[in-house]
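Single-letter residue listing:
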Amino acid sequence: MCGITGYIGYRDAYPIVMNGLKRLEYRGYDSSGIMMFDGKNILLSKTKGKVSDLEAITENEKERKVGQIGIGHTRWATHGVPNDINSHPHTSQSGNLVVVHNGIIENYDTLRKELISRGYVFKSDTDTEVLINLIEEVKKNEQCMLGKAVQLALNNVIGAYAIAVFDQTKPDEIIVARLGSPIAIGIGKENSEFFIASDASPFIEYTKNAIYLEDEELAIIKVGRDIKVRKIKDDIRVDANIQKLKLSLDQIEKGGYDNFMLKEIHEQPKAIIDTYRGRMLADQGIIRMSGIDDHINKFLNADRIIIIACGTSWHAGLVGEYLIEDKARIPVEVEYASEFRYRNPVITSRDVVIAISQSGETADTLAAIKLAKSKGAFVFGICNVVGSSIARETHAGAYTHAGPEIGVASTKAFTTQITVLTLIALKLASKKGEISKSELRAFMQEMKLIPKKIETLLKIDDKVKEIAAVYKDAKNCLYLGRGFNFPVALEGALKLKEISYIHAEGYPAAEMKHGPIALIDENMPIFVIATNKGHYEKVVSNIQEIKSRSGKIIAIVTEGDTQVKEIADHVIEIPETEEALAPLLTTIPFQLLSYHIAVMLNKNVDQPRNLAKSVTVE
Ligand code: G6P
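In this text, all values refer to a predicted model and were calculated from it rather than measured experimentally.

**Some words on empty space enclosed by the protein**
Okay, so step 1: Applying the stated rule across the entire model yields 5 cavities of 30 Å³ or more.
Okay, so step 2: Looking at the largest cavity, its volume works out to about 70 Å³.
Okay, so step 3: In terms of lining residues, the largest cavity is bounded by Arg-482, Gly-483, Phe-484, Asn-485, Ile-529, Ala-530, Thr-531, Lys-533, Gly-534, Tyr-536, Val-539 and Glu-579.
Okay, so step 4: Taken together, the elements giving at least two residues each to the lining of the largest cavity come down to strand S25 (525-530) and helix H18 (536-547).
Okay, so step 5: Residues of the lining of the largest cavity, tallied by class, amount to 5 nonpolar, 4 polar and 3 charged.

**Here's the deal with the side chain of Asn-485**
Okay, so step 1: Residue placement: Asn-485 occurs in the loop between strand S23 (476-481) and helix H17 (486-500).
Okay, so step 2: Residue Asn-485 is classed as buried on the basis of its relative accessible area of 6%.
Okay, so step 3: Among the polar contacts made by the side chain of Asn-485, one reaches the side chain of Thr-586 at a distance of 2.9 Å.
Okay, so step 4: What Asn-485 contacts, discounting residues up to four positions off in sequence, is Ile-529, Thr-531, Ala-582, Pro-583 and Thr-586.

**Let's talk about the environment of His-295**
Okay, so step 1: You can see His-295 is positioned in the loop between helix H8 (290-293) and helix H9 (296-300).
Okay, so step 2: Residue class for His-295 comes out partly exposed when judged on its relative accessible area of 25%.
Okay, so step 3: Between the C-alpha atom of His-295 and that of His-395, which follows or precedes it by 100 residues, the distance is 9.5 Å.
Okay, so step 4: When sequence neighbours within four positions are dropped, the list of residues in contact with His-295 reads Phe-378, His-395 and Ala-396.

**Description of the domain arrangement of the chain**
Okay, so step 1: Here the chain is described as being made up of domain 1 (3-251), domain 2 (254-458) and domain 3 (460-604).
Okay, so step 2: Taking the mean C-alpha position of each, domain 1 and domain 3 sit 45 Å from one another.

**What to know about the nonpolar core**
Okay, so step 1: Grouped together as the largest cluster of nonpolar side chains are 89 residues, with contacts concentrated most on Phe-299, Ile-305, Ile-354, Phe-380, Leu-428 and Tyr-479.
Okay, so step 2: The leading source of residues in this core is helix H14 (residues 412-431), at 10 residues.
Okay, so step 3: Filtering out sequence-adjacent residues up to four positions away, Ile-305 remains in contact with Phe-299, Ile-324, Ile-330, Pro-331, Val-332, Glu-333, Val-352, Ile-354 and Leu-428.
Okay, so step 4: Of all hydrophobic cores here, the second largest spans 28 residues; its members include Val-99, Ile-135, Leu-154 and Ala-177.

Scoring rules and cut-offs
- Residues numbered from 1 in each chain as written.
- Predicted model: local features only at pLDDT ≥ 70, side-chain atom pairs only at ≥ 80, totals over all residues.
- Heavy atoms only, no water.
- 1 Å grid on protein atoms, 1.4 Å probe; cavity = no way out; pocket = protein on both sides within 12 Å on 5 of 7 lines; lining within 4 Å.
- Points joined across faces, edges and corners; volume = space filled by probe spheres on them.
- Helix = DSSP H or I, 4+ residues; strand = E, 2+ residues; numbered from the N terminus.
- Nonpolar A, V, L, I, M, F, W, Y, C, P; charged D, E, K, R; others polar.
- Buried < 20%, exposed > 50% of the residue type's maximum accessible area, 1.4 Å probe, protein only.
- Polar contact = N/O pair within 3.5 Å; in protein donor to acceptor, adjacent residues only side chain to side chain.
- Contact = heavy atoms within 4.5 Å.
- Domains from an automatic or database assignment.
- Core = buried A, V, L, I, M, F, W, Y, C linked by side-chain atoms within 4.5 Å.

What follows is the structure in structure tokens.
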């Protein structure tokens, strides 16, 4: 994970790098650091803790902020505990070379021993310090330029990296390289300045022109010159593909909300509309998705669809399974990408793989895609981040147009992923003749009402807050749902765990009898989804079973419900909708609930401990 950022040009680098770190903090936040070059010397500031701790150190010390060249890093520890010494940037033994790194050097131990035998002494426990000393050693032995030394060193490295390297003896350039971890370069007017970052958010107010390095590429960045990009292994020059960015600054700022998670929860009505806009022509009964249309036979002739993802995206995938099987009658399997890639799965060219990822950078999902491709499967991506690695690695795909999601706990990505999956299910159903034109039209008309219904639902915030206050000190919680709402139960439990650190489990309601029922006593809050369509009577029986064991029941019911209201301790009403669309509504109260509990417990909602938004290590 980790976020890296840098600047070389004519402006003061410090505010650019520091603000960049704040925007990238979602990638990791256990320590951070910044290197400034004042024209003569490098000055490092590093500390354990958040970027605000780093800022506090540098704020009153003018000399730490001087210069037009700077690189910075916000860390999510892999090798070495989070402390000041292990924080990046790391310097080489001579002190001349400086690096920031996002990724893992897997053969670091062998390289470290080799370098120790050549007289290198290590200050930190990190794999990154090994890398910078390796670059120094190569540079010394080969008597070459920095770019070449980085290239040769990287050829000896096994692992993943996005790096930025600076040499104070040749301070007019920065070298960046990528394998497996993302890196973007922002280009100033007439090459007068360059910005480096793990994503484009740190430089969006300065330039809209950017290059996203591909895997195995290295770029030499020199002020006043065009960027030179080379393939690391093949050592050939490649044309830099300059893209126009569409992201705007207010899209990545909090817009009046206390934190990003709350903002993103409230953005869902708009995000869902943005996701189906232009694709769902409800009046005509048509779904237009070029990624599917162009490859429709792949889908229609597929033996099965395999959905691969991690975390919240995996939960959306489960909803996708229920949707596609129910509507289009195509067999679907849903797999954790991390298991899929290592368990020798049977994949053939008659399989269609759908990879779901908000960030488009999750290492396990990316590796699983590569595996599926190598076996001949057709791979379709559902990503949020435009131009991300997964978006580029897949044969075709559909973006969720949710806008940047910064809060580590995913909210709008989940509902927009479900929106795309619903469109796919309907599209395939109509192509296969599994749904009539009038049914399709009616379903789409209902789908168009979902954003409004979410807006109504968001108004129950005070009620959810009251419930949160009652249960905020619970040690364990259970979330139950059936059918389409089972994945929502999993997602509800995940949201609570992620930001409140309260243990929670999601379960299919009927499975409760096979284990979790033993946990139920008067201290156990149980959140049950009991909407009117989808096995309502069965869920009511499950609620009775809980009640007779004194569990506390918080039920999500459809407006107008009377039966559950009589038994439950609390009810939250959601507007009536189609059974298959219910997850888009039932998930909202759970998002709000975990949000309020976390706030009441004084937790950092946007940056929960130990987690990261973009998991670029396996
Ligand atoms: C991390 C994030 C989760 C996310 C998961 C998969 O664990 O904290 O919120 O669901 O990665 O991420 P992706 O970007 O692939 O959807």
